[in-house]
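A closer look at the structure
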Amino acid sequence: MSRRLYVMVFVFIQVLFFSIQVIKGGFIAPNIVLQPQFIFLGLVSQLLVVITAAVSITLSGLMVMLTTLVMIALTPWEIWINYAFEFFAIGIFMMLTGSYVSTIDNKFLAAFNLPNTDELWRVALLTLRVGIGAQLAILALTEKMVYPGLAVVFIEMFPFYNIFPQIGLHAGTDLHFVFFIGLCELSLGVLLMTGVANRLTMTMLTFAFVTTAIIHGVHEVEGHLPIFAAAFVLLLTQRNKQSTSRHTQMSRSPAFA
């Protein structure tokens, strides 16, 4: 797959996500509730992400970052910390890769003497990988390991998630399972940030999100659309990178000389 297609799919999913938020009158996440006087500002900032994407991916990425700043300014840190790294990474990725889709963005890069090079693409992927990894690690800490209350309530509502009794660990309580899941998410986030086992990490994350979406319905898919888009890009680019590396090694071996 080409980089252009990666970017087009990524941006389409982000635009779909923000469009759904605007239509439903939400703002980035279900647990973010803006004060009445700021609801219009939140909707407008998200609508600008959608509208500007039709003209410039770079400008739309900038709007994503501005929307994230609005979230930081209008919500307590205990809430925005769970989303800021993710959306900053998404915005930066869009700003750095828009030239693969938009001629306007190509001209923008040329005006600032920033040619569309492999190095720029690598920086964009690195930013996306580190941002998503950091967000997963933070969510593991804030929602499961440090403040596990809501996660324990969720497990009590859906007890089939706690697999400990099924595998013979009858002493494993719902709280133990929440800590276990938090430790797994934290490990995956750190692995993703450090670039260790990228393909395996993204495959496991994609499986987890898809399974959750199948069990709980479409609304779970809506909330995780930005991460689905990131997983799509990071997983497939890693696959292509490995395929290219193998092809290069084969072509350089004596058998193919």
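Please refer to the structure placed before this passage.
Read on for a plain summary of the structure. (Residues numbered from 1 in each chain as written. Predicted model: local features only at pLDDT ≥ 70, side-chain atom pairs only at ≥ 80, totals over all residues. Heavy atoms only, no water.)

1. A word on the overall build of the chain
The helix and strand inventory of the chain stands at twelve helices and zero strands. In the chain, the succession of α and β elements from N to C terminus is α-α-α-α-α-α-α-α-α-α-α-α. Relative to its full complement of 257 residues, the chain shows a buried share of 42%. Summarising the internal contacts of the chain: among those between residues at least 6 apart in sequence, 69% fall at separations of at least 24. Within the structure as shown, the chain displays about 13700 Å² of accessible surface, and the carbon and sulfur contribution to it stands at 72%. (Helix = DSSP H or I, 4+ residues; strand = E, 2+ residues; numbered from the N terminus. Buried < 20%, exposed > 50% of the residue type's maximum accessible area, 1.4 Å probe, protein only. Contact = heavy atoms within 4.5 Å. Areas by Shrake-Rupley, 256 points an atom, 1.4 Å probe, with all protein chains shown as cover.)

2. Things to note about the nonpolar core
Ranked by internal contacts, the top residues of the largest apolar core, which has 50 residues, are Phe10, Ile28, Ile32, Phe87, Phe93 and Leu128. At the level of elements, helix 1 (3-24), helix 2 (39-53), helix 3 (57-74), helix 5 (84-97), helix 7 (118-145), helix 9 (174-194), helix 10 (198-216) and helix 12 (225-252) are the ones that each hand at least two residues to this core. Looking at this core element by element, the count peaks at ten residues for helix 12. Ignoring sequence-local partners within four residues, the contact set of Phe87 consists of Phe17, Phe18, Ile28, Val64, Thr68 and Pro226. Ala151, Val152, Phe164 and Val178 belong to the second-largest nonpolar core, a separate cluster that totals seven residues. (Core = buried A, V, L, I, M, F, W, Y, C linked by side-chain atoms within 4.5 Å.)

3. So, helix 2
The first and last C-alpha atoms of helix 2 sit 22 Å apart over 15 residues, in line with the 21 Å expected at 1.5 Å per residue. Every buried residue of helix 2 is listed here: Gly42, Ser45, Gln46, Val49, Val50, Thr52 and Ala53. (Expected span 1.5 Å × (residues − 1).)

4. Points about unusual backbone geometry
In this structure, Ile28 is a non-glycine residue whose phi angle is positive, near 65 degrees. Looking at the secondary structure, you find Ile28 in the loop between helix 1 and helix 2.

5. Section: a nonpolar patch on the surface
Taken together, the side chains of Leu59, Leu62, Leu66 and Leu69 define a hydrophobic patch exposed on the protein surface, amounting to about 310 Å² of accessible area. Residue position: Leu66 is located in helix 3. (Patch = residues over 30% accessible without salt bridge, like charges linked within 9 Å, V, L, I, M, F, W, Y side chains within 5 Å. Salt bridge = Lys/Arg side-chain N within 4 Å of Asp/Glu carboxyl O.)

6. Structural notes on the environment of Leu69
One can find Leu69 in helix 3. Note on Leu69: relative accessible area 44%, which makes it partly exposed. Put simply, Leu69 and Phe87 are 18 residues apart on the chain and 9.8 Å apart in space, counted from C-alpha to C-alpha.

7. Observations regarding the pattern of salt bridges
Counted according to the given criterion, the structure contains three salt bridges. A salt bridge links Arg122 to Glu119; the shortest N-O distance between them is 2.9 Å. Residue Arg122 and its partner Glu119 are located together in helix 7, separated by three residues, close to a single helical turn. For Lys144, the salt bridge identified is with Glu185, shortest N-O distance 3.2 Å. Placement of Lys144 in helix 7 and of Glu185 in helix 9 is noted, with a sequence separation of 41 residues between them. Lys144 sits in the buried class, given a relative accessible area of 14%.

8. Comments concerning the packing of helix 7 against helix 9
Contact geometry of helix 7 with helix 9 gives a least axis separation of 7 Å together with a crossing angle of 160 degrees. As the angle between them shows, helix 7 and helix 9 are arranged roughly antiparallel. Read as a crossing pair, helix 7 and helix 9 show a hand that is left-handed. Here Arg129, Val130, Ile132, Gly133, Ala134, Leu136, Ala137, Leu139, Ala140, Leu141, Lys144 and Met145 of helix 7 lie close against helix 9, whose contacting residues are Val178, Phe179, Ile181, Gly182, Leu183, Glu185, Leu186, Gly189, Leu192, Met193 and Thr194. The class makeup of the residues in the contact of helix 7 with helix 9 is 16 nonpolar, four polar and three charged. (Axes fitted to C-alpha atoms, helices over the stretch in contact; angles between N-to-C directions. Parallel < 35°, antiparallel > 145°, perpendicular 65-115°, else oblique. Left-handed = near helix turned anticlockwise from the far one by under 90°. Nonpolar A, V, L, I, M, F, W, Y, C, P; charged D, E, K, R; others polar.)

9. A few points about the packing of helix 1 against helix 5
Contact pair helix 1 / helix 5: the axes reach a minimum separation of 11 Å and the direction vectors enclose 135 degrees. If you check the angle between helix 1 and helix 5, you find them oblique. The handedness of the crossing between helix 1 and helix 5 is left-handed. Contacts between helix 1 and helix 5 involve Val7, Phe10, Val11, Gln14, Phe17 and Phe18 from the former and Phe87, Ile90, Phe93, Met94 and Thr97 from the latter. In the contact of helix 1 with helix 5, the residues fall into nine nonpolar, two polar and no charged.

10. Considerations on the environment of Phe27
Here Phe27 is to be found in the loop between helix 1 and helix 2. Distance from Phe27 to Ser45, taken between C-alpha atoms, is 9.5 Å for residues 18 residues apart in sequence. With near-sequence residues (within four places) excluded, Phe27 lies in contact with Gln21, Ile32, Leu34, Gly42, Ser45, Gln46, Thr67, Val70 and Met71.

11. A closer look at helix 1
Since the α-helix turns once every 3.6 residues, residues separated by three or four places project in the same direction. Between its first and last C-alpha, helix 1 extends 32 Å over 22 residues, near the 32 Å set by a 1.5 Å rise per residue. For helix 1, the complete set of buried residues consists of Tyr6, Val7, Phe10, Val11, Ile13, Gln14, Val15, Phe17, Phe18, Ile20 and Gln21. Looking one or two residues beyond helix 1, the residue adopting positive phi is Gly25, at roughly 75 degrees.

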